[in-house]
Amino acid sequence: MLFASRLTENAELRALEPWQAAEFLAHIDKARANIEQYIPWAELVTDLDGAQTFLQRYADRQAAGEGRIYGIWLDGELAGGLLFRTFEPAWGSCEIGVWISAEGQGHGLITRSTRQLIDYAIGVRGMNRVEWRCVPSNERSIAVAKRLGMTYEGTLREAFPYRGERHDLQVWAMLHNEWESRHWA
Ligand SMILES: CC(C)(COP(=O)(O)OP(=O)(O)OC[C@H]1O[C@@H](n2cnc3c(N)ncnc32)[C@H](O)[C@@H]1OP(=O)(O)O)[C@@H](O)C(=O)NCCC(=O)NCCS
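One structure accompanies this document, and this report is about it. Please read these numbers as outputs of a predicted model, since none were measured by experiment.

### Describing the pattern of salt bridges
In this structure the tally under the stated criterion is twelve salt bridges. For R163, the salt bridge is made with E43, and the minimal N-O distance between the two is 3.0 Å. Note that R163 is positioned in the loop between β7 (151–162) and β8 (165–175) and E43 in the loop between α1 (21–35) and α2 (48–63), a separation of 120 residues in sequence. Owing to a relative accessible area of 45%, E43 belongs among the partly exposed residues under this scheme. Among the ionic pairs, R85 bridges to E95, the shortest N-O distance being 3.0 Å. Linking R85 in strand β4 (residues 77–88) with E95 in strand β5 (residues 93–100), this pair joins segments that are ten residues apart in sequence. The exposure class of E95 is buried, given its relative accessible area of 6%.

Spelled out as C-alpha cells, the structure:
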C-alpha cells in the first residue's frame, strides 16, 4: 500500500480517495449507528453517488490545499477516519474532525491518528492552530481533545443546526507553542 502510516500492529492510516467510494459507503452503513448522532455528513453518504460526491469534494479541497480526508483501516477493513474540515495556511489555522465504527472504538486509534495529523499540520505545514469542535454531550470526543492535550476555549452558543435543533458547539484547540511541549514522540 502506498502512503500508509502504521497506527498499531493491525491498524493503518491511509489516504481515502473517490475511487474507494463503494468501500466508504459500506463502512458508513456499518458505522452509521455509532456516528450519526454527531456526524451530519453521514446523511449525505447513503448511496454510491453520495459517497462518491462526498469523497470528490474532499479530493477537490485537497487539490486546492483547503482540506483532506484520511481513512483508518483495521484488520484490512475501513473502520473510521479523519478529515481536515478546514485548512487555511494563510490564517495558520485548521480544524480536524474524526469518526470511528463501534468495533474500532476504544483502542486509541483516533488519538494516535489525530496526533499524526496535528504533527503534519503544525510540524510540516506550519499551522499555528489546530481546532477541534464538538457538542457538549459528546463525551468521547471531549475525552479525545483532553487526551491530546488540547485547551477548551469556549462554547459557540447554538452554532450547530442539526436535525431541526440548534446545538451548542465547544471549541478546543492546540497552538504551535503547546504542540512543541506535547507529550507524544
Ligand atoms: C469520538 C470518537 C471518534 C472517539 O473514539 P475513541 O475510540 O473513543 O477514541 P480514542 O482513539 O482516543 O480511544 C480512546 C479509548 O481507547 C483506549 N486506549 C487504548 N490504547 C490507547 C492509546 N494508546 N492511546 C489512547 N487511548 C488508548 C483509551 O483508554 C480509551 O478507552 P475508553 O473507551 O475506555 O475510554 C468516537 O467515539 C466516535 O466515532 N464517535 C461518533 C462520531 C463522533 O462523535 N465524532 C467526533 C465528532 S466531534
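From this point, things continue past the structure.
### Some thoughts on empty space enclosed by the protein
Inspection of every chain in the model, using the stated rule, returns one cavity of 30 Å³ or more. When its volume is computed, the largest cavity comes out at roughly 40 Å³. Along the walls of the largest cavity sit L16, E17, P18, L55, Y58, A59, Q62 and I69, which together make up its complete lining. Per element, the largest residue contribution to the lining of the largest cavity is four residues, and it comes from α2. Classifying every residue of the lining of the largest cavity by side-chain character gives six nonpolar, one polar and one charged.

### Points about the site of the ligand
Taken together, 22 residues surround the ligand, and among them Q105, T111, N138, R140 and R147 come closest. Q105 is positioned such that a nitrogen or oxygen atom in its side chain is 2.6 Å from an oxygen atom of the ligand. Here L109 contributes a backbone N or O atom positioned 3.1 Å from an oxygen atom of the ligand. Out of a free accessible area of 940 Å², the ligand has 74% covered by protein chains. Given that more than half its atoms are within 2 Å of the pocket grid, the ligand belongs to the largest pocket. Broken down by secondary-structure element, the contributors of at least two residues to the shell around the ligand are α1, β5, α3 (109–124), β6 (129–134) and α4 (139–148). Along the lines of polarity and charge, the residues of the shell around the ligand split into ten nonpolar, eight polar and four charged.

The rules behind these values
- Residues numbered from 1 in each chain as written.
- Predicted model: local features only at pLDDT ≥ 70, side-chain atom pairs only at ≥ 80, totals over all residues.
- Heavy atoms only, no water.
- Salt bridge = Lys/Arg side-chain N within 4 Å of Asp/Glu carboxyl O.
- Helix = DSSP H or I, 4+ residues; strand = E, 2+ residues; numbered from the N terminus.
- Buried < 20%, exposed > 50% of the residue type's maximum accessible area, 1.4 Å probe, protein only.
- 1 Å grid on protein atoms, 1.4 Å probe; cavity = no way out; pocket = protein on both sides within 12 Å on 5 of 7 lines; lining within 4 Å.
- Points joined across faces, edges and corners; volume = space filled by probe spheres on them.
- Nonpolar A, V, L, I, M, F, W, Y, C, P; charged D, E, K, R; others polar.
- Near = heavy atom within 4 Å.
- Polar contact = N/O pair within 3.5 Å; in protein donor to acceptor, adjacent residues only side chain to side chain.
- Areas by Shrake-Rupley, 256 points an atom, 1.4 Å probe, with all protein chains shown as cover.
- Sits in = over half its atoms within 2 Å of the grid points.

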